[in-house]
Each structure stands twice: as structure tokens, then as C-alpha cells.
Amino acid sequence: MTRIDLNSDLGESYGRWRLGDDETMLDIVTSANVACGFHAGDPATLLSTCHGAAKRAVRIGAQVGYNDLAGFGRRFIEVPSADLTAEIIYQIGALDGLARAAGSSVGYVKPHGALYNAIVHHREQARAVVDAVRAYDASLPVLGLPDSVFLEEAERAGLRVVTEAFADRAYTPAGTLVSRREPGAVLHDPDEIAERVLRMVTEGVVTAIDGSDIRVGAQSVCIHGDSPDATAVAVAVRRRLDAENIDIRAFV
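Residues numbered from 1 in each chain as written. Predicted model: local features only at pLDDT ≥ 70, side-chain atom pairs only at ≥ 80, totals over all residues. Heavy atoms only, no water.

*Asks:* Explanation requested: the overall build of the protein in the structure shown.
*Replies:* Each helix and strand in the protein was counted, giving eight helices and 10 strands. Compactness check: the protein gives a C-alpha radius of gyration of 17 Å against a globular reference of 18 Å for 252 residues, within 12% of the reference. On the principal axes, the C-alpha backbone points of the protein span a range of 40 × 35 × 35 Å. Residues classed as buried in the protein amount to 57% of the 252 residues present. Pairs at least 24 residues apart make up 72% of the contacts formed inside the protein by residues separated by at least 6 positions. Here the protein has roughly 10600 Å² of accessible surface; of this, 49% comes from carbon and sulfur atoms. The protein carries 25 positive and 35 negative side-chain charges, and their two centres are separated by 3 Å. (Helix = DSSP H or I, 4+ residues; strand = E, 2+ residues; numbered from the N terminus. Rg over C-alpha atoms; globule rule 2.2 N^0.38 Å. Buried < 20%, exposed > 50% of the residue type's maximum accessible area, 1.4 Å probe, protein only. Contact = heavy atoms within 4.5 Å. Areas by Shrake-Rupley, 256 points an atom, 1.4 Å probe, with all protein chains shown as cover. Lys, Arg positive; Asp, Glu negative; His and termini not counted. Charge placed at Lys NZ, Arg CZ, Asp CG, Glu CD.)

*Asks:* How should I be thinking about the pairing of strand S2 (residues 31–35) in this particular structure?
*Replies:* Successive side chains on a regular strand alternate, one facing one side of the sheet and the next facing the other. Most of S2 sits inside the fold, with five of its five residues counted as buried. The alternating pattern of S2 places Ser31, Asn33 and Ala35 and Ala32 and Val34 on opposite faces, both of which are buried. Pairing geometry for strand S1 (residues 3–10) and S2, over four bridges, is parallel. Residue pairing for S2: Asn7 is matched across the bridge by Ser31. Sheet analysis places S2 next to strand S3 (residues 59–64), joined by five bridges and oriented parallel. Each bridged residue has a counterpart across the sheet, and for Asn33 the counterpart in S3 is Gly61. Note that the unit made of S2, helix H2 (residues 43–55) and S3 has a crossover that is right-handed. (Pairing = 2+ DSSP bridges. Right-handed = clockwise from strand over helix to strand, strands pointing away.)

*Asks:* Would you mind showing me how to read the side chain of Thr45 here?
*Replies:* Within the secondary structure, Thr45 is located in helix H2. Accessibility expressed as a relative area gives 10% for Thr45, which makes it buried. In contact with Thr45, not counting residues within four places along its chain, are Gly11, Ser13 and Arg18.

*Asks:* How do you make sense of the state of the cysteines when you look at a structure like this?
*Replies:* Disulfide: a covalent bond connecting the sulfur atoms of a pair of cysteines. Here the structure, examined in full by the defined rule, presents zero disulfides. Just so you know, Cys50 is unpaired, no disulfide at all, and the nearest cysteine sulfur is the one on Cys36, 8.7 Å from it. Judged by relative accessible area, Cys50 falls into the buried class, the value being 0%. With no disulfide of its own, Cys222 lies 15 Å from the sulfur of Cys36, the closest cysteine sulfur. (Disulfide = S-S within 2.5 Å.)

*Asks:* Just checking my understanding: could you explain the pattern of salt bridges for this structure?
*Replies:* Two side chains that carry opposite charge are able to pair once their charged atoms sit near each other. Scanning the model with the defined rule gives 17 salt bridges in all. Here Glu244 makes a salt bridge to Arg240, at a shortest N to O gap of 2.9 Å. A salt bridge links Arg249 to Asp247; its shortest N-O distance comes to 2.8 Å. Residue class for Arg249 comes out partly exposed when judged on its relative accessible area of 41%. The exposure class assigned to Asp247 is buried, which follows from its relative accessible area of 18%. Bridged by salt links that share partners, the residues Arg123, Arg127, Glu152, Glu153 and Arg156 form one connected network. (Salt bridge = Lys/Arg side-chain N within 4 Å of Asp/Glu carboxyl O.)

*Asks:* Just checking my understanding: could you explain the side chain of Asp5 for this structure?
*Replies:* Structurally, Asp5 can be placed in strand S1. No salt bridge is formed by the buried Asp5; its nearest oppositely charged neighbour, Arg3, is found at 7.7 Å. Among the polar contacts listed, one links the side chain of Asp5 to the side chain of Ser31, at a separation of 2.8 Å. If we ignore the near neighbours within four places in the chain, the residues touching Asp5 are Thr30, Ser31, Gln219, Ser220, Val221, Arg249, Ala250 and Phe251. (Polar contact = N/O pair within 3.5 Å; in protein donor to acceptor, adjacent residues only side chain to side chain.)

Shown next, in the form of C-alpha cells:
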């Protein structure tokens, strides 16, 4: 039976500013990439999200990013390696403490936003993130884009790597994500996305923005939780995969 993990970025509200419907998403996904307070999320929100995940046996991942609340972590920052490593350790540790208070723990690490995209090619920052995970807990798997230097460095360092695809993001012919600054970078039609994910899972391919088919080979599929149609997309994807008897479970 074909197996896949569904993950989503959650815990991204901050104070009175609400983003996404975490409760609904936690009923659908099997892994939750929970913000760690640097790009989004305040302590009360993060603790509540961890409680919700623990209650549903959804695996908690540390969604680490640049120290960039104002930019939601979507702006590249040139950070010295030692500083970036320390910042990632700090974020994992903070979320792990909240997760343990909720009866769970951090089970993996996934970089967020601009950091995620940067370490597809930026080897120095990729190594800094890998060093942080190794320093905190070398048994933690890391999520990343297939063929990224991040996963290459992680594998070389002995970390478990988990390849990821994106349900609602457009791909370039090279297999990277189309920049959010470009038209068509984010998809919105729930049924179209559901069919796209089914093909990712069963055939290991996705149609790039130029119409060509590229390999994705994903062990986990991300459904973003911060778009207006996120829950509709998640429901459609889960329903489509369930209809095909796909085994949906966390990778850890």
C-alpha cells in the first residue's frame, strides 16, 4: 500500500493577529510544523497548538526560521553561521519545552520560508542548520526539498532526511519552488490540488509551471495552513487520498 505523510505549517498566529484554522488542519494532517516564535507564533499560541497536536497524536516538528517577525520569515537574511546555528538550537529547544509540557515532544525539524528556500543552494547556511540539529538531538529527522544541499549536508552528517513536496506551490522545471513574487506561484483550486497530490504520491511526478513533468519522490506533502482556502484544500486532498486507500501516517 502506498504511504504518505501530510504536513502543515501551524501555530503562526501572534497575539491578536490570527492566521489559519489550526484546529481544522490538525484533524487532517499527520505532522504539524509548529512555528518557534522567530518568524511567527507567541508562546501561548505555540503551547495551544502543541496541546492540539498531542491530543490528536499528530507529530510535532520544529518549524525553524530567520529571526524575522515583521517579514514572516520570508526575507533572506545573511546570518553568520555561528549565529544561525545558535538561533536554530534556541528555537528547537523552546518548542520542545512547550511540546513536552503538552505531553509530546519535537519529533523532527523543518526550516521555514526564506531559510527553507535559501538552503536549497546556500551551503553555508545549510551546514549551520545541520550543525544545530546535530547539537540539539542528532536523532531528529529533517524535512527538505529533494536534491537540496540541505538534505545533502544532513545526510552526510548522519541525520535522517525526509523528502518533501508541496501541494499548493508551483514548481520550476529544475524542481525548485516558484518564488511567491511570481504569478502563479501559489495554487488555489482544491480539486485541482487534490489530483496533483494524488499524482505526486502514486506516480512521483508533478507538472512544473512550464508544463513539463518532473520527479518529486516525496515522503511527505506540505499543505500550507496560512492561505484563505487552506482548509478546503486540505479536506479535498485528504478525501482524494482516502478514496484511493492511500496510507496516510506520520513518517516518524
